[in-house]
Amino acid sequence: MDVTAKNNFPGQIHETPGGGIMLSKLDDVINWARSNSLWPLTFATSCCGIEMMSVASAKYDFSRFGFEVARATPRQADVIIIAGTIVNKMAPVLRRLYDQMADPKYVIAMGACAISGGPFFYNTYSVVKGADHVVPVDVYIPGCPPRPEALLHALITLQEKIKSGLTREQIKETSYLNP
Amino acid sequence: MVEEIGTTAEGDLIINVGPQHPATHGVLHLVLTLSGETIKKVEPHLGYIHRSIEKMCESLTYRQFIYVTSRMDYLSSHINNHACALTVEKAMQIEVPQRAQYIRVIMDELTRIASHELWWGAMAMDLGAFTPFFHAFRERETITDIMEKTCGARLTMNYMVPGGVMVDLHPDFQKDVKSFIQLYKSKFEEYNELVTGNIIFQNRMKGIGVLSKEDAISYGCSGPVARASGVNCDIRKLYPYEIYSQLEFDEVLDTAGDSFARYMVRLKEMQQSIRIVEQLIDYIPEGEFQAKTKAVLKLPKGEFYQRVETARGELGVYIVSEGGTTPYRIKFRSPGFSNLSALEHMVKGLKIGDLVAAMGTLDLVIPDIDR
Amino acid sequence: MTNEELKIKFTELLPTASFEEGGEWVNVFISPQELKSFVLQIKKNEDLLFDYLFCLTCVDWKTHFNVVYHFSSTTYRHNFVLKVKIDRANPEIETVSDLWRTAEMLEREVYDLFGVKFLHHPDLRRLIMPDNWEGWPLRKDYEDVINMIKL
């Protein structure tokens, strides 16, 4: 995928003396603006939370992509990064947080525990085997814990998903099956 | 008594802190009873990250259950693995070669420094200072880079196995650690300038959350929390394991018992850890890095307990074995569990801002408490 | 004090205590009725002074439960293990939380996972499982058809 081409402003810019004229679709401009300033919710239950904190710090900075302002309250956040295992007692809390977020909202499932229960799949009585039993997920990141670069790749993938402008069901249909 | 969220008959307010909250260091749910802004009662509700590790380990073999303990107290993951490997070696009476012992102790102390760094950055962030967080992670990234070259992972590395370590050191290890030691010694001045000497920070920490020596013993506290109240409880000095008995380092004690004392104890412990690494890094002996053991380990019938000093306190691994390939019952004595039980006693009568400061100095990692 | 001296002292305090051989520390077996007086004595006695309770757990042996206490002394640095055998059909035992405050949360955890009732505990209720959970998860006969995949 040619990432650089997609980061340009969507539309045409015609220079005129004293300024310029911009031609674009309103949907494209709104999607471009939205994807470049997603605010994450600080939701880290266990070990993957430390890798998320590493991404927030200076070496693998995610504020270059617009994610700098991490809100503590779901009412002001756009994307929830589920980093860590979800257990039976925590699942209603996660659902309530997701419901409190305003549309459009996105979910990233980070780490093996949030995808499918991870290393705690067998013989545990209290682990929810995957966060997608509770909320609908947009991007999955494998790893235990995933490297910070993997999380950055997932954030860029989410940005492209938003820029493409399709809903979740439309993406499922037009995916690798019919490219 | 379980109180419903709302208002009591006397006009006190009952509110929730967490489970999703930036200052609770994980998923800790506290129910506070407040009269105005003064705290009258604190009740922790646990279990939001209870992953049933003890039951799961009853179906894993003695080589397999070590990966799970990395994820229990993930900031001192090497030390957790070390405790499990030591228990199995004690039960089967396996002799660990000298080279492996040196490597294990160096990795442990580097992990302790990394854990205290993250504690320092996160605690300063709780009190409102965002800059120390980036400074702390800069040092932490250097340490995880060193470990990644040898162990292959940054956070949950299953490097210690019963008998020694899994693979030999990377050829660059000594050079990297030496340059890290040089870099690190110049950082303490920076930390003291940034945070410790700040008058606002000192006013928020001195005299807050006092824990007396008798209370620290009665509540079962261990680690820096108990040492700041004057209790001698460093397992590396009292019940030494590996080569700790041959090393020169001080046990850092303080008598004040308040939050500032706990803060200073941890900062000085980082200095002692660097001292230990310095004593060992030039003298790692050649030899085997893993003792020869059978592929499938069967512990003899009986009960075995081994304790180590993690960055948070005393971790104990208690294995009850019936002679098979899987344990009959495993219990992990976690340091955070007992430290948390002292929280209510420490913050009664203080304000909410003091609760955040006191909880920051307890250094809780919630998956360690819930297991 | 060494293990032999501890054994002599314990037999002096409680003649009906029995010992188990093997193991790094002295393992003492007593019955549930003698628990309260015994632990009071070991805490107050000048030669013993066991003031640090560092582990409280329970082991399910299918016919009975064993509640296991690990004690240590901060003055003399000796350790020992106390085991109390209780009935599986109706598991009840006295609490020690008035002598060691750390037992308040440790006993709540044992109640939550095994179902052992601690008499005169100030606040005995579930700690880590959700409040409306049914069953005692760490018992050996705990059935959970959805999640437990027996190897």
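Placed above this text is the structure.
Now for a look at the structure at hand. Counting from 1, residues in each chain are numbered in the order their sequence is written. Whichever chain is written first becomes A and whichever ligand is written first becomes 1, with later ones labelled in order. In keeping with the model being predicted, local features are shown solely for residues with a pLDDT of at least 70 and side-chain atom pairs are shown and tallied solely at 80 or more, while totals for entire chains, interfaces and linings include all residues.

1. As for the nonpolar core
Here is step 1 of the chain: By convention in this section, buried Ala, Val, Leu, Ile, Met, Phe, Trp, Tyr and Cys residues joined through C-beta atoms within 7 Å make up a nonpolar core. Any residue surrounded by 20 or more other C-beta atoms within 10 Å of its C-beta is treated as buried, while 12 or fewer makes it exposed and the intermediate range makes it partly exposed; C-beta atoms here are placed from the backbone. Among the nonpolar cores identified, the biggest contains 188 residues, and Met-52, Ile-80, Ile-81, Ile-82, Ile-108, Ala-109 and Met-110 of chain A are the most heavily contacted of them.
Here is step 2 of the chain: Split by domain, this core shows at least three residues from each of two domains, domain 1 (1–48) and domain 2 (49–370) of chain B.
Here is step 3 of the chain: If sequence neighbours within four positions are ignored, Ala-109 of chain A has contacts with Ile-82, Ala-114, Ile-115, Ala-131, Asp-132, Val-137, Tyr-140 and Ile-141 of chain A. Start and end points for every domain follow an automatic or database-based domain assignment. C-beta atoms are first placed from the backbone for all residues, and any pair lying within 7 Å is then listed as a contact.

2. Here we look at the interface of chain C and chain A
Many analyses report the size of an interface as the accessible area lost when the parts associate.
Here is step 1 of the chain: Taken together, the contact between chain C and chain A spans 6 residues of the former and 6 residues of the latter.
Here is step 2 of the chain: Any residue that is not Ala, Val, Leu, Ile, Met, Phe, Trp, Tyr, Cys, Pro, Asp, Glu, Lys or Arg is counted as polar, Gly included; the first ten are nonpolar and the last four charged. In terms of residue class, the side of chain C that touches chain A is made up of 4 nonpolar, 1 polar and 1 charged.

3. Looking at the interface of chain B and chain A
Here is step 1 of the chain: Contact with chain B, which involves 26 residues of that partner, is made by 27 residues of chain A.
Here is step 2 of the chain: Strands are runs of DSSP state E lasting at least 2 residues, helices are runs of H or I lasting at least 4, and numbering of each runs from the N terminus. Where the side of chain B that touches chain A is concerned, the elements lending two or more residues are helix 1 (53–56), helix 2 (66–70) and helix 5 (131–151) of chain B.
Here is step 3 of the chain: Broken down by class, the residue content of the side of chain B that touches chain A amounts to 14 nonpolar, 7 polar and 5 charged.

4. Some details on the environment of Val-105 of chain B
All names here are of chain B.
Here is step 1 of the chain: By secondary structure assignment, the location of Val-105 is in helix 4 (residues 98–126).
Here is step 2 of the chain: Distance from Val-105 to Gln-93, taken between C-alpha atoms, is 20 Å for residues 12 residues apart in sequence.
Here is step 3 of the chain: With near-sequence residues (within four places) excluded, Val-105 lies in contact with Glu-242, Ile-243, Tyr-244 and Leu-280.

5. Re the packing of helix 4 of chain B against helix 12 (residues 259–281) of chain B
Residue and element names in this part refer to chain B.
Here is step 1 of the chain: Angles run from 0 to 180 degrees between N-to-C directions of axes, and those axes are lines fitted to C-alpha atoms, restricted for helices to the stretch in contact. In the contact formed by helix 4 and helix 12, the axes pass within 9 Å of each other and the chain directions differ by 155°. On the basis of their axis angle, the class for helix 4 and helix 12 is roughly antiparallel. When you trace helix 4 past helix 12, the crossing you get is left-handed. Counting all contacts with helix 4, which are made through Tyr-102, Val-105, Ile-106, Glu-109, Leu-110, Arg-112, Ile-113, His-116 and Trp-119, the residues of helix 12 involved are Arg-266, Glu-269, Met-270, Ser-273, Ile-274, Ile-276, Val-277, Leu-280 and Ile-281. Any angle from 65 to 115 degrees is called roughly perpendicular, while one under 35 is roughly parallel, one over 145 is roughly antiparallel, and all others are oblique. A clockwise turn of the near helix away from the far one marks a right-handed crossing, whereas an anticlockwise turn of less than a right angle marks a left-handed crossing.

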